[in-house]
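Read off the chains here:
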Amino acid sequence: MYSLKKQQSGFTLIELVMVIVILGILAATALPKFVDLSGNALTASKAGMSGGVKSAHSILVAQKAATGTPATLDVTALAAAITPPGTAAATGVQVKINGTTYTVPTYTDAGCTAATAAVGNTVLCVGDIP
C-alpha cells in the first residue's frame, strides 16, 4: 500500500553553510581590487596633468620653433591643455587636483636631470608629478 511518509524538499544546513563560506571566500579575494580606487584615480589624474603640461610644451615648441620658460608654458598653451590652467613656479608648473597643488617639474636640459630654478629658465624637458 501507500506510505504516509512526507517527502521534504529544501537545503540542508550544511549546504547553506557551504554556500555562505564560498561566497565569503569570493568576496575576500575581490574586495582588495576595489579598495584603492581613490589612489588609482589620483595617480591617473597626476599622469593626465603631467601629460597636459608636456603637450603644452610641445605645442609651444612647434608654434614658436623655440623652447619656453615655465611662465610661457603657463601663459601660452596651458589654458587649452589642462583645466584648470596651471601657474608658473620656479621648479615647474603648479596644477591643482581636487584642491591640492602639485608641481609638474621642468628641466633645463633634454635629459630631464637639471631642474629649473627660476620662472625665467628655459625649459627643454617636462617631467612627471612625483
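As a starting point, this report considers the structure included with it. (Residues numbered from 1 in each chain as written. Predicted model: local features only at pLDDT ≥ 70, side-chain atom pairs only at ≥ 80, totals over all residues. Heavy atoms only, no water.)

A few words now on the side chain of K46. Tracing the backbone through its elements, the reader meets K46 in helix α2 (residues 37-64). Within the buried core, K46 has no salt-bridge partner, and the shortest N-O distance to an opposite charge, that of D128, equals 11 Å. A polar atom in the side chain of K46 sits 3.3 Å from the backbone oxygen of P130. Setting aside residues no more than four positions away along its own chain, K46 makes contact with I97, Y102, I129 and P130. (Helix = DSSP H or I, 4+ residues; strand = E, 2+ residues; numbered from the N terminus. Buried < 20%, exposed > 50% of the residue type's maximum accessible area, 1.4 Å probe, protein only. Lys, Arg positive; Asp, Glu negative; His and termini not counted. Salt bridge = Lys/Arg side-chain N within 4 Å of Asp/Glu carboxyl O. Polar contact = N/O pair within 3.5 Å; in protein donor to acceptor, adjacent residues only side chain to side chain. Contact = heavy atoms within 4.5 Å.)

This next bit is on the pairing of strand β2 (residues 92-97). Of the pairings in the sheet, the one linking strand β1 (residues 87-89) to β2 comprises 3 bridges and is antiparallel in character. Pairing of A89 across the sheet is with G92, part of β2. Linking two consecutive strands that pair antiparallel, namely β1 and β2, is a turn of 2 residues. Hairpin connection from β2 to strand β3 (residues 100-107): 2 residues lie between these consecutive antiparallel strands, with N98 at a positive phi of about 50 degrees. (Pairing = 2+ DSSP bridges.)

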